[in-house]
Amino acid sequence: MWGSRKRGEDRVDCVACGRSVERSAAREYDKEGDRWSRRGKEFEHVCKTCHRELCHQPRDELENLLVDVEADGPATQEEFLARYDELVRERYGSLRSGD
């Protein structure tokens, strides 16, 4: 009924911790947040242990925000975080009341 997998395709690498695990012990990860639209995509995988530790909150605007943060080119960690903080404040305001 279903096509058989090629030998060696039953293991995947977890993008979070790097461990190689059985595909059945992993979850598909789609950085676009839509794992149901499968056409033309290559999925990454996260082991079940790492998947439980992930934040499962919506991230509708996160990808675009990160692209905009990186628009000025490579940055050190400090520069990246400063750009991120600046864009978040511009778009959404401060998280602290009174700022």
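Please refer to the structure placed before this passage.
Since this is a predicted model, take the numbers as computed values, not measurements.

Colleague: Which residues make up the pattern of salt bridges, and what values go with them?
Modeller: Close approach of charged atoms allows side chains of opposite charge to pair. Under the counting rule described, the total for this entry stands at three salt bridges. For aspartate 68, the salt bridge is made with arginine 91, and the minimal N-O distance between the two is 2.3 Å. Of this pair, aspartate 68 sits in helix H2 (residues 62-69) while arginine 91 is found in helix H3 (residues 77-92), placing the two residues 23 residues apart along the sequence. Since its relative accessible area comes to 36%, arginine 91 is described here as partly exposed.

Colleague: So what's going on with H3? Which residues, and what values?
Modeller: With 16 residues, H3 should cover 22 Å at 1.5 Å per step; its first-to-last C-alpha distance of 22 Å lies within 8% of that length. Along H3, the positions that sit buried rather than exposed are Arg83, Leu87 and Val88. Viewed end-on, H3 has its buried residues packed into an arc of 130°, placing them on one side of the element. Contact partners of the buried residues in H3: H2. Looking one or two residues past H3, glycine 93 carries a phi angle of roughly 85°, positive in sign.

Definitions and limits used
- Residues numbered from 1 in each chain as written.
- Predicted model: local features only at pLDDT ≥ 70, side-chain atom pairs only at ≥ 80, totals over all residues.
- Heavy atoms only, no water.
- Salt bridge = Lys/Arg side-chain N within 4 Å of Asp/Glu carboxyl O.
- Helix = DSSP H or I, 4+ residues; strand = E, 2+ residues; numbered from the N terminus.
- Buried < 20%, exposed > 50% of the residue type's maximum accessible area, 1.4 Å probe, protein only.
- Expected span 1.5 Å × (residues − 1).
- Arc of directions from axis to C-beta.
- Contact = heavy atoms within 4.5 Å.

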